[in-house]
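Summary of the model geometry
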Amino acid sequence: MLAKELERAGIPTAHITAMTPVALGVSSIRVVQGKEIVSPLGNAKMDQPTEKALRLEIIGEALKALQTQVKGSTLFQSNKPKD
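We now turn to the structure provided with this report. If you're wondering where the values come from, they're calculated on a predicted model, not measured in any experiment.

As for the side chain of E61
As for its placement among the helices and strands, E61 is situated in helix α3 (residues 48-66). Under the relative-accessibility criterion, E61 is labelled buried at 12%. Separated by 3.0 Å, the side chains of E61 and K64 make a polar contact.

Right, here's the structure in full:
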């Protein structure tokens with residue numbers, strides 16, 4: 001997996017995915033909870049302003065993950081409801 005190789009090279013990565021059990025199972029280091037499998041950073045059922053806010057929230061969580069020192073696989077997710 002590319003994220004693991006980048007981490008090994010000393011480059012922090014954040015793996016954004018809706019399939020967090022899989023990402024944690026393959027030992028991704030910083031796993032960020034996405035929304036949907038086909039669109040981890042969006043939700044087609046939302047109106048555009050609400051979806052934009054969702055995207056910004058997930059990206060913000062990924063940026064927080066990149067700044068966090070971790071040992072082993074760690075899940076980052078927002079406390080806000082996504083729907």
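Overview of the pattern of salt bridges
Tallied over the entire structure, the rule returns 4 salt bridges. For R30, the salt bridge identified is with E7, shortest N-O distance 2.5 Å. Taken together, the positions of R30 in strand β2 (residues 30-33) and E7 in helix α1 (residues 2-8) put the pair 23 residues apart, joining distant regions of the chain. Residues E51 and R55 are paired through a salt bridge, measuring 3.3 Å at the closest nitrogen-oxygen approach. One end of the pair is E51 and the other is R55, both in helix α3 and 4 residues apart, which spans about a single turn. On the accessibility criterion, E51 (16% relative accessible area) is buried.

Quick notes on the sheet that holds β2
Taking strand neighbours across the sheet as the criterion, the 3 strands line up as β1-β2-β3 in an open arrangement whose pairing is parallel. Both edges of this open sheet fall to β1 (15-17) and β3 (74-76), since each of them pairs with a single strand only. Strand after strand, the sheet turns through a mean of 30° between neighbouring axes, direction not considered. Here β1 runs beside β2; their pairing, made up of 3 bridges, is parallel. Looking at the pairing, I16 lines up with V32 of β2. In the packing of α3 onto the sheet, contacts are made with β1, β2 and β3, and the angle to β2 comes to roughly 165°.

Rules behind the numbers
Residues numbered from 1 in each chain as written. Predicted model: local features only at pLDDT ≥ 70, side-chain atom pairs only at ≥ 80, totals over all residues. Heavy atoms only, no water. Helix = DSSP H or I, 4+ residues; strand = E, 2+ residues; numbered from the N terminus. Buried < 20%, exposed > 50% of the residue type's maximum accessible area, 1.4 Å probe, protein only. Polar contact = N/O pair within 3.5 Å; in protein donor to acceptor, adjacent residues only side chain to side chain. Salt bridge = Lys/Arg side-chain N within 4 Å of Asp/Glu carboxyl O. Pairing = 2+ DSSP bridges. Axes fitted to C-alpha atoms, helices over the stretch in contact; angles between N-to-C directions. Contact = heavy atoms within 4.5 Å.

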